[in-house]
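# Analysis of the macromolecular model
For reference, the chains in residue letters:
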Amino acid sequence: MKAIWSITKKELLSYFTSPIAYIIISIFILLSGFFFYSLVWWFNSQAMQMAQNPYYYQQVNINQMVFAPLFHNLSVVLLLMLPLLSMRLFSEEKKMGTEELLFTSPLSVGQIILGKYLASLIVLFFMLFLSAIPTLFTFIYGNPEPLPYLLGYLGLFLLGAAFLGLGVFWSSITENQIVSAVLTFGTLLLFWVLSWAAYSARGLWQDVLNYLSFFEHFDGMTKGILDTSDLVYYLSFAFFGLFLTYSVIQSRRWR
Amino acid sequence: MIETENLTKKYGDLVAIKELSFKVEKGKIWGLLGPNAAGKTTTMRILTGYLPATEGRAVVAGYDVFEQAEAVKQSIGYLPETVPLYPEMTVESYLGFVAEIKKVPKSQKKAAIERTVEIAGLKSVRKRLIKNISRGYRQRVGIAQAIIHNPQVIILDEPTIGLDPAQIVEIRQLIRSLKEEHTVMLSTHILAEVTQVCDGVVIINEGKLMASGSLEELTKAYKEKEGLYLRLKKADNEVLNLFRQLPGIEKADLEGSEIKLEWSKGKDLREQVVRLCLEKQLGLLEMRSTAINIEELYLRIVSGGMEQ
């Protein structure tokens, strides 16, 4: 664990000594703030109109009307931005030749991968945490249900963790950071649109495609439903990415 | 300290090194010598556990490189050809990071950094970012990261490449100073470096072992003739003839302003030569042995393919 942590510390240092982490985090906060602001604005005007009719007034729900769409928007932003966070993890080491230092140290390949992955998760956590601060004010001025709210953020974190797992894999393939980012982005997009393909598919195929799609699993969480199959999906997706990374690094050395 | 047995590495169809067997003793500086693309880097990468060999085995510091990889990595310090540096770190934080991944106990980490900074002469740059220090200092940081965990064996891949002459002298001094506590193996294709720094050599060419041993042994084994260079006040045919008449001298020739004398291996005619010079009052100014001439030795070994 100590070994993993020393890699993590080093990665965090290089994230925050280069502009990349600052830019990604600030843009994310900015976008998140904008979405939140406009959703609240829209919610206000809707709530005002609905207040005139007692039937509709019961339907007013800040979780459904503000947070669910916010989480959906943020999930797309994550898809666009996280490949930039993971792209340098292994490709930079390869390009700079520092890979030789890591792989001739007494650390195992697994420890190195986990250390790097953990660092990207910490940045992700930090990013979500900062973006969540403004939304906390809804608890002062309104009464949203805390559980779906927390589950939504948990869902975003898990979704991001899956994205990053895949990103780590692509960065171990190439020494070019842009190639790594584009490949990650392309793969994520593919998994995103699988649910569109699922519309036209029938029977078993429809189930399979729906299961594979990122966002089908995300829906439930924004509504406050925690399904273990969603958890398993994201965790196994992340694990799969890391496992592929491990195989790539090992096989490259044996070739 | 380092021992290989039939070490072979293939990249697809390309054979990088072939049935390499050599032995390196403890506490000396060994040069791994060979022309470009001879397999030096591949050999070093296998010894450090970065690459696995296709066949054969290697033992470093008593551990098998393939079966006890972690123990081997713990007892090796390695400077790859491209110095593995993180430009955004300071020298000190970089050394701290390397100490951590080389599993230096936390209580000794500070002392290890101090010691290494001292040995590698990095005091003046320790707080600076690596991207802002000169090439010579970067090379020193590279050597510093290789010795931070006080390994038994230090492997340096072309440690002086790309440096200016003054820096080369400094780095060579640094490497020589490591000899007392560590076994050092360095690769190079600069012959002068070997005579100046190393105690022994392993010569490889096209992935095959050509020769290995201490420099003296090798020169003795490969030299057919022994001889002297003489600088005299007067050097002409008359003088040459005087030497040619001396029993045992096989060749006496003029090379520039110097006279080169040769006799067959095993004899020692130096005394007779001096006596002759004094008796005939030839005005002896300078005299040196033709002994170690690494260029000649190397060319003979690499092109001749003689094996020991």
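Rules and cut-offs
- Residues numbered from 1 in each chain as written.
- Chains lettered and ligands numbered in written order.
- Predicted model: local features only at pLDDT ≥ 70, side-chain atom pairs only at ≥ 80, totals over all residues.
- Helix = DSSP H or I, 4+ residues; strand = E, 2+ residues; numbered from the N terminus.
- Contact = placed C-beta atoms within 7 Å.
- Buried ≥ 20, exposed ≤ 12 C-beta atoms within 10 Å, placed from the backbone.
- Pairing = 2+ DSSP bridges.
- Axes fitted to C-alpha atoms, helices over the stretch in contact; angles between N-to-C directions.
- Expected span 1.5 Å × (residues − 1).
- Domains from an automatic or database assignment.
- pLDDT = per-residue confidence, 0-100.
- Nonpolar A, V, L, I, M, F, W, Y, C, P; charged D, E, K, R; others polar.
- Parallel < 35°, antiparallel > 145°, perpendicular 65-115°, else oblique.
- Left-handed = near helix turned anticlockwise from the far one by under 90°.
- Bend = angle between axes of the 7 residues up to and from the residue.

## Points about the overall build of chain B
The helix and strand tally for chain B stands at 11 helices and 14 strands. Over its C-alpha atoms, taken along the principal directions, chain B stretches across nearly 75 × 45 × 30 Å. Nonlocal contacts in chain B, meaning residues at least 24 apart in sequence, comprise 68% of its contacts between residues at least 6 apart.

## Notes on the overall build of chain A
Of the regular secondary structure elements, chain A holds 13 helices and 0 strands. When the helices and strands of chain A are listed from N to C terminus, the series reads α-α-α-α-α-α-α-α-α-α-α-α-α. Taking the principal axes of its C-alpha atoms as reference, chain A extends roughly 70 × 45 × 30 Å. When burial is assessed residue by residue, chain A has 39% of its 255 residues classed as buried. Considering only residue pairs separated by 6 or more positions, chain A has 78% of its internal contacts joining residues 24 or more positions apart.

## A short note on the sheet that holds strand 8 (residues 183–188) of chain B
All names here are of chain B. In space, the 6 strands of this open sheet follow the order 6-7-8-3-9-10, with mixed pairing throughout. Of all the strands in the sheet, just strand 6 (76–79) and strand 10 (208–214) have a single pairing partner and so form its edges. Mean inter-strand twist for the sheet, computed between neighbouring axes without regard to direction, equals 15°. Packed on one face of the sheet, helix 5 (residues 135–147) meets strand 6 and strand 7 (153–157) and runs near 165° to strand 6. Its contacts with the sheet put helix 6 (residues 165–178) on strand 3 (29–33), strand 7 and strand 8, and the angle it makes with strand 8 is roughly 150°.

## Description of helix 9 (residues 146–173) of chain A
Over its 28 residues, helix 9 of chain A extends 41 Å from the first C-alpha to the last, a length consistent with the 40 Å expected when each residue adds 1.5 Å. For helix 9 of chain A, the buried fraction is high: 22 of the 28 residues fall into the buried class.

## Let's talk about the domain arrangement of chain B
If you check the domain split of chain B, you get domain 1 (2–220) and domain 2 (224–290). Put simply, the middle of domain 1 of chain B and the middle of domain 2 of chain B, counted by C-alpha atoms, are 43 Å apart.

## Structural notes on the confidence of the model for chain A
A low pLDDT score tells you not to read the predicted coordinates there in detail. For chain A, the average pLDDT comes to 89, and 99% of its residues sit at 70 or higher. Across chain A, helix 7 (residues 109–132) of chain A holds the top mean pLDDT of 95, while helix 3 (residues 54–57) of chain A sits lowest at 78.

## Here we look at the interface of chain B and chain A
By a frequent convention, interface size equals the accessible area lost on bringing the separate parts together. Contacts between chain B and chain A engage 20 residues on the former and 18 residues on the latter. Secondary-structure elements contributing two or more residues to the side of chain B that touches chain A are helix 2 (69–74) and helix 3 (91–101) of chain B. Residue composition of the side of chain B that touches chain A, by class: 10 nonpolar, 4 polar and 6 charged.

## Remarks on the sheet that holds strand 1 (residues 2–11) of chain B
Residues and elements named next belong to chain B. Across the sheet, 4 strands lie side by side as 2-1-4-5; this open sheet has antiparallel pairing. For this open sheet the edge positions go to strand 2 (14–24) and strand 5 (63–64), each flanked by a neighbour on one side alone. As defined by bridge partners, strand 4 (residues 55–60) adjoins strand 5 across 2 bridges and the pair is classed as antiparallel. Looking across to strand 5, one finds that V59 is bridged to D64.

## Description of the packing of helix 1 (residues 2–17) of chain A against helix 7 of chain A
Residues and elements named next belong to chain A. In the contact formed by helix 1 and helix 7, the axes pass within 8 Å of each other and the chain directions differ by 45°. As the angle between them shows, helix 1 and helix 7 are arranged oblique. Here helix 1 runs over helix 7; the crossing is right-handed. Across from A3, I4, I7, T8, E11, L12 and Y15 in helix 1, the residues of helix 7 making contact are Q111, I112, L114, G115, K116, L118, A119, I122 and V123.

## Brief notes about unusual backbone geometry
Residue and element names in this part refer to chain B. A positive phi is found at E158, a non-glycine position, where the angle reads about 50°. Within the fold, E158 resides in the loop between strand 7 and helix 6. A count of 20 C-beta atoms within 10 Å places E158 in the buried class. Phi at E206 takes a positive value of approximately 50°, unusual for a residue other than glycine. Note on placement: E206 falls in the loop between strand 9 (200–205) and strand 10. Taking the number of C-beta atoms within 10 Å as the measure of exposure, E206 has 16 and is therefore partly exposed.

## Side note on the pairing of strand 2 of chain B
The side chains of a regular strand alternate between the sheet's two faces. Residue and element names in this part refer to chain B. Where strand 1 meets strand 2, 7 bridges bridge the pair, whose relative direction is antiparallel. Each residue of the ladder has a partner; that of I2, found in strand 2, is V24. Counting the residues that bridge the hairpin from strand 1 to strand 2 gives 2 residues, and of these G12 lies at a positive phi of roughly 65°.

## Points about helix 10 (residues 177–200) of chain A
All names here are of chain A. Under the 1.5 Å per step criterion, the end-to-end length of helix 10 is 36 Å for 24 residues, consistent within 8% with the ideal 34 Å. At L194, helix 10 shows its maximal bend, which comes to roughly 30°. For helix 10, the full list of buried residues reads Q177, S180, A181, L183, T184, F185 and L188.

## As for the environment of A:G115
Residues and elements named next belong to chain A. Assignment of secondary structure puts G115 in helix 7. Between the C-alpha atom of G115 and that of P69, which follows or precedes it by 46 residues, the distance is 33 Å. For G115, the contacting residues outside a window of four places in its chain are I4, I7, T8 and E11.

## Side note on the confidence of the model for chain B
All names here are of chain B. Averaged over every residue, the pLDDT of chain B is 85; residues scoring 70 or more account for 96%. Averaged pLDDT values for the elements of chain B fall to 72 in helix 11 (residues 294–304) and rise to 94 in helix 3. What the predictor reports for the complex is a pTM of 0.85 with an ipTM of 0.86.

## Here's the deal with the packing of helix 10 of chain A against helix 11 (residues 203–212) of chain A
Residue and element names in this part refer to chain A. Contact pair helix 10 / helix 11: the axes reach a minimum separation of 8 Å and the direction vectors enclose 155°. Comparing their axes, helix 11 and helix 10 come out roughly antiparallel. Considering how the two elements wind past one another, helix 10 and helix 11 form a crossing that is left-handed. Taken together, the residues of helix 11 that come into contact with helix 10 (itself represented by F191, L194, S195, A197 and A198) are Q206, L209, N210 and L212. When its residues are assigned to classes, the contact of helix 10 with helix 11 shows 6 nonpolar, 3 polar and no charged.

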